[in-house]
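Here's the letter readout for the chains.
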Amino acid sequence: MTVHKIVCWDCGADVNDPYVNTCPKCGGLLSVKIDLEPIKEMKPKDLRKEPLGVWRYAPFLPVDPANKVSIQEGGTPLYKTCRLAEEVGLSRAYVKFDGLNPTGSFKDRGMTVGVSRAKELGAKIVGCASTGNTSASLAAYAAKADMKCAVFLPSGKVAAGKLAQALFYGAKVLSVDGNFDEALDLARKMADARKLYLLNSINPYRPEGQKSVLFEIIDQLEYDVPDRIILPVGNAGNISAIHKAIQELKEVGWIDKVPMLTGIQAAGAAPIAKAFDAEKIDFIPEDHPETIATAIRIGNPVSGRKALRAIYDTGGYSTTVTDEEIVDSQRLLGKTEGVCVEPASAASIAGLRKLISAGVIDRDEKVVCICTGNGLKDPDTIIKSSPSPIPCKNSVEEVERILSL
Ligand code: F0G
């Protein structure tokens, strides 16, 4: 098994208690330090014996694959999106469609590792706060691992598909009177009291699985590193995990170029984009976050400082997009590429368009947009922004009239 330890991301202290999610010494964020020495002896092709997916990268993961709880996560397509590229005026654009994971979002990458870790520790009850996708994913993996599961959701603000999934997989679904940030505070209190094993991305094992999206993108591009990776940012676990993956690939000598990490937020929920604009290293909290992209309706991102470091260290960027731009880009991706993503995921496409127009993104750049969740998660938003079905009598003449044939 991969040798690793938990360290404080802020003060560097070793952390030995497997149930804490912040540093007992300074309260800082935690991080997994993997012993990368054995990987330095390996080549990328050595991993290709395993199918494309999270566990292909087991040497970079802090869990023994023998204990894995898996529903075949990862291995999602990287589309070369020529029509989209032409539409936005870019020479090369790719979409990594993580909405094709087992529960329809990128969360499965982190959850397979997080729940495997919970199993190693003998946890009986797992839990998380969520804007929807994390809860859907945890509920599925807890079912697979035969663990009890409690999810804390902001009341009335979770898309229908995600809520249905959490209920379907048998989680106890707590509809919390408050927003995501408040639901997370409550879940953290339960974890601090050791009543449940917390699987939000503040748990350092979760982001370890989320590193795999970066490993896959580089693998799928045959180690020809893209100039830029664009992704939506909410609680900021994903962008931080991707940054860590880049650092690890560099350290083992498998890449020498670094993609510019570009984090997109909704205009009404932009603690990181605002901090980037003000050149700050800590996020600027938003007390009342609001956006149609409910997945990223977050004002107090747990990994906000890690996200800002990821952006600054890679020479990346952060900006906001409006709800209108999100919905418009969601439709554009569907119309040009046949790919249906949820609103939060369309933020990366909206960000791409905005930053090309602003001259931040060069038209010759090779850009990968990560689309984190499936459009079917949130059918209500799609139905609202689409034309209504056309009433049609059961007659050929009627069809001909409607289709102007
Ligand atoms: N895209 C989707 C579809 C998401 O569900 C989320 C986060 C993000 C992007 C942002 O990722 O938090 O790592 O910056 N969803 C969490 C949840 C908060 O509870 O499902 P992040």
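Each remark here, short or long, concerns the structure printed above.
A short tour of the structure in this document, coming up. Because the structure is predicted, anything quoted here is derived from the model rather than measured.

### Thoughts on the site of the ligand
Right, so step 1: Surrounding the ligand, one finds 20 residues, the nearest of these being Ser-130, Thr-131, Asn-235, Ala-236 and Thr-372.
Right, so step 2: Thr-134 places a main-chain nitrogen or oxygen 2.8 Å from an oxygen atom of the ligand.
Right, so step 3: The backbone of Ala-236 places a nitrogen or oxygen atom 2.8 Å from an oxygen atom of the ligand.
Right, so step 4: In isolation the ligand exposes 470 Å². Once the protein is present, 99% of that is buried.
Right, so step 5: Every element with two or more residues in the shell around the ligand is listed here: helix H4 (133-145) and helix H9 (237-251).

### Overview of the side chain of Ser-137
Right, so step 1: Along the chain, Ser-137 falls in helix H4.
Right, so step 2: Setting aside chain neighbours within four positions, we find Ser-137 in contact with Thr-103, Lys-107, Asp-108 and Met-111.

### Looking at the sheet that holds strand S1 (residues 4-8)
Right, so step 1: Taking strand neighbours across the sheet as the criterion, the three strands line up as S2-S1-S3 in an open arrangement whose pairing is antiparallel. With partners counted over all chains shown, the strands left at the sheet margins are strand S2 (14-15) and strand S3 (30-34), one partner each.
Right, so step 2: Where S1 lies against S3, five bridges are found, and the strand directions are antiparallel. Within S3, the position partnered with Val-7 by the bridge is Ser-31.

### So, the packing of aromatic side chains
Right, so step 1: The tally for this structure, following the rule as stated, stands at eight aromatic pairs.
Right, so step 2: Pairing Tyr-57 with Phe-215 gives two aromatic rings, centres 5.2 Å apart and planes at 40 degrees, and the pair type is tilted. Here the residue Tyr-57 occupies a position in the loop between helix H1 (37-40) and strand S4 (78-80), and Phe-215 occupies one in helix H8 (residues 212-220), the gap between them amounting to 158 residues.
Right, so step 3: The class for Tyr-57 is buried, based on a relative accessible area of 1%.
Right, so step 4: Geometrically, the ring pair formed by Phe-168 and Tyr-169 is edge-to-face, given 5.3 Å between the ring centres and 70 degrees between the ring planes.

Conventions we followed
- Every chain begins its residue count from 1, and numbering advances along the sequence as written.
- Since the coordinates come from a predicted model, pLDDT governs what is reported: local features require at least 70, and pairs of side-chain atoms require 80 or more to be given and counted, while whole-chain, interface and lining totals use all residues.
- Just so you know, side-chain values use all the structure's heavy atoms and leave hydrogens and water out.
- For this purpose, a residue is taken to be near a molecule or strand whenever a single non-hydrogen atom of the residue falls within 4 Å of it.
- Here a polar contact is recorded for every N or O atom pair within 3.5 Å, except that within protein the pair must consist of a potential hydrogen donor and a potential acceptor, and residues adjacent in sequence are included only if both atoms are side-chain atoms.
- Accessibility throughout is a Shrake-Rupley quantity obtained with a 1.4 Å probe, and a residue counts as covered only by protein chains that appear here.
- Strands here are runs of E lasting at least two residues and helices are runs of H or I lasting at least four, both read from the DSSP assignment and numbered beginning at the N terminus.
- By the convention used here, residues are in contact when the closest approach between their heavy atoms is within 4.5 Å.
- Here, any two strands with at least 2 DSSP bridges between them count as paired.
- Pairs were defined over the aromatic rings of Phe, Tyr and Trp, the Trp ring being its six-membered one, requiring ring centres within 6.5 Å. Orientation was assigned from the angle between planes: stacked under 30 degrees, edge-to-face over 60, tilted for the rest.
- Any residue under 20% of the maximum accessible area for its type is buried, any over 50% is exposed, and the rest in between are partly exposed; the area is computed with a 1.4 Å probe on protein chains only.

Note that every value here comes from positions in space, so none of it alone points to a role or purpose.
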